Amino acid sequence: MDTNPPTEPSSPPAPLAPPPIISPAPTGPGKRRGRGWMVTALILLLFLVVSVIANFGLLIGAAFPMQSGISGGAGPRLQEVTVEDRDARKKIAIIEVEGIIAGQLLDGHHNMVDVIGAKLERAGHDDHVAAVLLKVDSPGG
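What you see is a predicted model, and the numbers here were worked out from it, not measured in a lab.

### A few points about the overall build of the protein
Line of reasoning, step 1. Within the protein, the regular secondary structure consists of 2 helices and 2 strands.
Line of reasoning, step 2. Each helix (α) and strand (β) of the protein, taken in turn from the N terminus, gives the series α-β-α-β.
Line of reasoning, step 3. Sorting the 141 residues of the protein into buried and exposed places 9% on the buried side.
Line of reasoning, step 4. The long-range fraction of contacts in the protein, counting pairs at least 24 apart against all pairs at least 6 apart in sequence, stands at 64%.
Line of reasoning, step 5. Element-wise, carbon and sulfur atoms account for 61% of the exposed surface of the protein, whose accessible area totals about 13,200 Å².

See the structure below:
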């Protein structure tokens, strides 16, 4: 015989609660999705395209510099100053040259020789210039 007292059958475990159901947010007429990100992306894309075009233009301009000359309107910037004016029809052009006269670029586009040549050419094309005075302050004698 059995010496152990009889035991009652164990009761089944309590059922677990089902997981909650998560539904997506309503997208009907009451809820509108924002389109600000799309507008921002289009503006940034526009800036990118403009930047690429500008950089490409600068690259082409640096690779193929244009020839400058007085007749074409391009060239070094020249300035005309009236030293003395007594209503004379004939002028004396004073061209000042300061520094070393060399073929090196001064401003990245023009060298001193080109600038002096442009000034002399401009004085030559002016009908009111009767003479040119060239004032040179250059080392080396």
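From this point on, the discussion continues.
### Here we look at helix H2 (residues 112-125)
Line of reasoning, step 1. Taking 1.5 Å of rise per residue, 14 residues should cover 20 Å, and H2 covers 20 Å from first to last C-alpha, within 8% of that figure.
Line of reasoning, step 2. Three or more residues of H2 are buried, namely Met-112, Val-115, Ile-116, Ala-118 and Ala-123. Projected down its long axis, H2 shows its buried positions confined to an angular sector of 160°, all on one face. In H2, the exposed positions angled more than 90 degrees off the buried face are occupied by Gly-124 and His-125.

### Comments concerning the pattern of salt bridges
Line of reasoning, step 1. What the rule picks out here adds up to 2 salt bridges.
Line of reasoning, step 2. Ionic pairing is found between Asp-126 and Lys-91, a salt bridge with its closest N-O pair at 3.0 Å. With a gap of 35 residues between them, Asp-126 in the loop between H2 and strand S2 (129-137) and Lys-91 in strand S1 (residues 91-98) connect regions that are remote in the sequence.
Line of reasoning, step 3. The salt bridge partner of Glu-96 is Lys-135, with a shortest N-O separation of 4.0 Å. Pair noted here: Glu-96 is in strand S1 and Lys-135 is in strand S2, with a separation of 39 residues, a long-range link.
Line of reasoning, step 4. Given the relative accessible area of 44%, Glu-96 is considered partly exposed.

### A look at the environment of Gln-104
Line of reasoning, step 1. As for its placement among the helices and strands, Gln-104 is situated in the loop between S1 and H2.
Line of reasoning, step 2. A relative accessible area of 63% means that Gln-104 is categorised as exposed.
Line of reasoning, step 3. Gln-104 has contacts with His-110, Asn-111 and Met-112, leaving out every residue within four places of it along the chain.

### Looking at a nonpolar patch on the surface
Line of reasoning, step 1. A surface patch of nonpolar side chains, about 840 Å² in accessible area, is lined by Trp-37, Met-38, Leu-42, Leu-45, Leu-48, Val-49, Val-52 and Ile-53.
Line of reasoning, step 2. Considering the arrangement of structural elements, one finds Trp-37 in helix H1 (residues 36-63).

### Let's talk about the confidence of the model for the protein
Line of reasoning, step 1. Per-chain confidence: the protein averages 76 in pLDDT, with 67% of residues scoring 70 or above.
Line of reasoning, step 2. By mean pLDDT, the top-scoring element of the protein is H1 (92), and the lowest-scoring one is S1 (81).
Line of reasoning, step 3. A low-confidence stretch, residues 68-73 (pLDDT under 50), is modelled with 9 contacts involving residues beyond four sequence positions or located in other chains.

### Comments concerning the environment of Lys-119
Line of reasoning, step 1. On the secondary structure map, Lys-119 appears in helix H2.
Line of reasoning, step 2. In this structure Lys-119 comes out as partly exposed when scored by relative accessible area, which is 29%.
Line of reasoning, step 3. Separated by 26 residues in sequence, Lys-119 and Ala-93 have C-alpha atoms that sit 9.3 Å apart.

Cut-offs used in this document
- Residues numbered from 1 in each chain as written.
- Predicted model: local features only at pLDDT ≥ 70, side-chain atom pairs only at ≥ 80, totals over all residues.
- Heavy atoms only, no water.
- Helix = DSSP H or I, 4+ residues; strand = E, 2+ residues; numbered from the N terminus.
- Buried < 20%, exposed > 50% of the residue type's maximum accessible area, 1.4 Å probe, protein only.
- Contact = heavy atoms within 4.5 Å.
- Areas by Shrake-Rupley, 256 points an atom, 1.4 Å probe, with all protein chains shown as cover.
- Expected span 1.5 Å × (residues − 1).
- Arc of directions from axis to C-beta.
- Salt bridge = Lys/Arg side-chain N within 4 Å of Asp/Glu carboxyl O.
- Patch = residues over 30% accessible without salt bridge, like charges linked within 9 Å, V, L, I, M, F, W, Y side chains within 5 Å.
- pLDDT = per-residue confidence, 0-100.

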